Amino acid sequence: MDVLPSNIVFDIFSRVPVKCLARSRCVSKVWCNYIDDRYLVIIHDKRVVEEPTPFLYHQHLSRERTTHSLCFHVIESIQTGSTHDYDLKPKEGPFLRIKPLSKSSLVTFQVRGSCNGVVCLSQDDNMVEVELVTALVAVHPLRKECYELPPLHMHFSSSMHRGSCGLGFDATTNTFKMICVLLKAYAPPNNHDMVRKKLCTMVHVFGTNSWREIPQVPSYPTAGKAIFANGCLHWLVSHIDIPTQDGRRPVIWFDVEKEEFGLIDPPKRMCDLWRNYSSFYNHLVDLNGEVGYVSYETLEVWLLKKKEWVPYCRLFIKQIIPYGYIEVLGCWNKEGDMLICNTGDGRYKFFVYNLKSGLVHKTNIVGPDDGCHPNIFMHPNKLFSIHGIGTNSFPMKKTNLKKSCQHLLSYK
């Protein structure tokens, strides 16, 4: 292959499935350079649409040391019986285990979102009360790479009711950016001017060693996980600071390249049915690379197209899931079927919603069983998701680096 022209090599690799490309990176440095080239990303993404890969993660309590760790599993779907139900089963044991920075037994991890296959995590130490330093880590599960962000000397609420962060990618500079939106101090929600004065936006560019505060702030405090799509991060406005009279929550967007904020009105209702639930449960979700808006009051799902909301579907699942919190986790396949989580009776239950038929298929999580609640996120199965974090990422197998997250990670 070394003697072939570059355009032919790119053409060959562009026709290879992503999972094969991920394994082929290990063949030689020449192959690795071709597969990691941005040009291959462009032509491959135009030709191939593949199934997303479900990842399962759970907080694990070590029996040897009373500390927690975060375990990642690749899970597969196995159809069971003639009812088209599914078993979600880890293919093997945890392929990645993330250890906490602190030895405290009260450390918990929060998954704050993902971007191009890179997952953002925060570590919350409940032993520290006031002067909390927010610890943020970006992990590439497939590449087993870790990027430890500089400490952020501001309190980041674990509930994320009036503050959030998001991981985005600047295509013009080919770098990741972490954006945190926080309140410097408490501000009453009915005083909009005071809220704006207390808001601040902190930005970290991967490869640098510091945070910088930018003058731009959103119109309202943000909340929840950020969804990155079309060069922008998207959050819901905090349910405490909702500006609309009917209680619907607008969307805050942030252009990662220009570092500017904007506001999008919430979608209008498709139906007259209005369930007696607070908009606190509304949430955004990544639906095959697009921003989805899940309205909990009407069980409607919308897609954001060029800053306009387009109806996606309405969930007719009252008979199957009569009560309890419902969260859409993402698209189950390229057809747009959705994976749904329900916690109505205190237990985690998962369902697959078929977009065409409107039918709901039950799923069963088969292990791991250590008394912890399983959580699932959908990993993008496209070429960009096998690329590294950036110039300052640290592969797990390297141990001679001055700054490394080796102490955070273990692998099989």
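Just so it is clear, the structure is predicted and the values come from calculations on it, not from any experiment.

Caption draft 1: Quick look at the sheet that holds strand S20 (residues 308-314). In space, the four strands of this open sheet follow the order S17-S18-S19-S20, with antiparallel pairing throughout. A single partner strand is all that each edge strand has here, and the edge strands are strand S17 (283-287) and S20. Pairwise comparison of adjacent strand axes, ignoring direction, gives a mean angle of 35 degrees for this sheet. Looking at chain direction, strand S18 (residues 290-295) and strand S19 (residues 300-305) are connected through four bridges and run antiparallel. Paired with serine 295 across the two strands is glutamate 300, which belongs to S19.

Caption draft 2: Quick peek at the sheet that holds strand S9 (residues 164-170). Taken together, the four strands give an open sheet; going across it, the order is S9-S10-S11-S12, and neighbouring strands pair in antiparallel fashion. The open sheet terminates on both sides in strands that have one partner only, identified here as S9 and strand S12 (212-214). Averaged over neighbouring strand pairs, the angle between their axes works out to 30 degrees when direction is ignored. Relative to S12, strand S11 (residues 199-205) runs antiparallel, the two being bridged by three bridges. Bridged to threonine 201 within S12 is isoleucine 214.

Caption draft 3: The pairing of strand S7 (residues 135-140), seen in detail. Counting buried residues along S7, six of its six residues qualify, which places the element largely inside the surrounding structure. Residues Ala135, Val137 and Val139 line one face of S7 and the alternating positions Leu136, Ala138 and His140 line the opposite face, and both faces are buried. Of the pairings in the sheet, the one linking S7 to strand S8 (residues 145-148) comprises four bridges and is antiparallel in character. When the bridges of S8 are listed, histidine 140 appears paired with glutamate 145. Taking the residues between adjacent antiparallel strands as the criterion, S7 and S8 are bridged by four residues, where lysine 144 takes a positive phi near 55 degrees.

Caption draft 4: A look at the pattern of salt bridges. As enumerated under the stated definition, the model contains six salt bridges in all. For arginine 162, the salt bridge identified is with aspartate 241, shortest N-O distance 2.8 Å. Taken together, the positions of arginine 162 in the loop between S8 and S9 and aspartate 241 in the loop between strand S14 (232-237) and strand S15 (251-255) put the pair 79 residues apart, joining distant regions of the chain. A salt bridge links lysine 305 to glutamate 290; the shortest N-O distance between them is 3.6 Å. A residue pair is termed long-range when its members are at least 10 positions apart, and lysine 305 in strand S19 and glutamate 290 in strand S18 qualify at 15 residues.

Caption draft 5: Local environment of the confidence of the model for the protein chain. Of the residues in the protein chain, 72% have a pLDDT of 70 or more, and the chain-wide mean is 77. Predicted confidence in the protein chain is weakest over strand S27 (residues 409-411), with a mean pLDDT of 46, and strongest over S15, with 97. This model gives residues 61-66 a pLDDT under 50, and the stretch forms six contacts once residues within four places in sequence are excluded. For the stretch residues 397-408, pLDDT sits under 50, and the model shows 27 contacts to residues farther than four places along the chain or on other chains.

Caption draft 6: Region of interest: the packing of aromatic side chains. Enumeration according to the criterion identifies eight aromatic pairs in this entry. With 5.5 Å between their ring centres and 80 degrees between their planes, phenylalanine 13 and tryptophan 31 make a pair best called edge-to-face. Taken together, the residues span a long stretch of sequence, with phenylalanine 13 in helix H1 (residues 6-14) and tryptophan 31 in helix H3 (residues 29-36) at a distance of 18 residues. Here phenylalanine 13 falls in the buried class, since its relative accessible area comes to 3%.

Rules used in this analysis
Residues numbered from 1 in each chain as written. Predicted model: local features only at pLDDT ≥ 70, side-chain atom pairs only at ≥ 80, totals over all residues. Heavy atoms only, no water. Pairing = 2+ DSSP bridges. Helix = DSSP H or I, 4+ residues; strand = E, 2+ residues; numbered from the N terminus. Axes fitted to C-alpha atoms, helices over the stretch in contact; angles between N-to-C directions. Buried < 20%, exposed > 50% of the residue type's maximum accessible area, 1.4 Å probe, protein only. Salt bridge = Lys/Arg side-chain N within 4 Å of Asp/Glu carboxyl O. pLDDT = per-residue confidence, 0-100. Contact = heavy atoms within 4.5 Å. Phe/Tyr/Trp six-rings, centres within 6.5 Å; stacked < 30°, edge-to-face > 60°.

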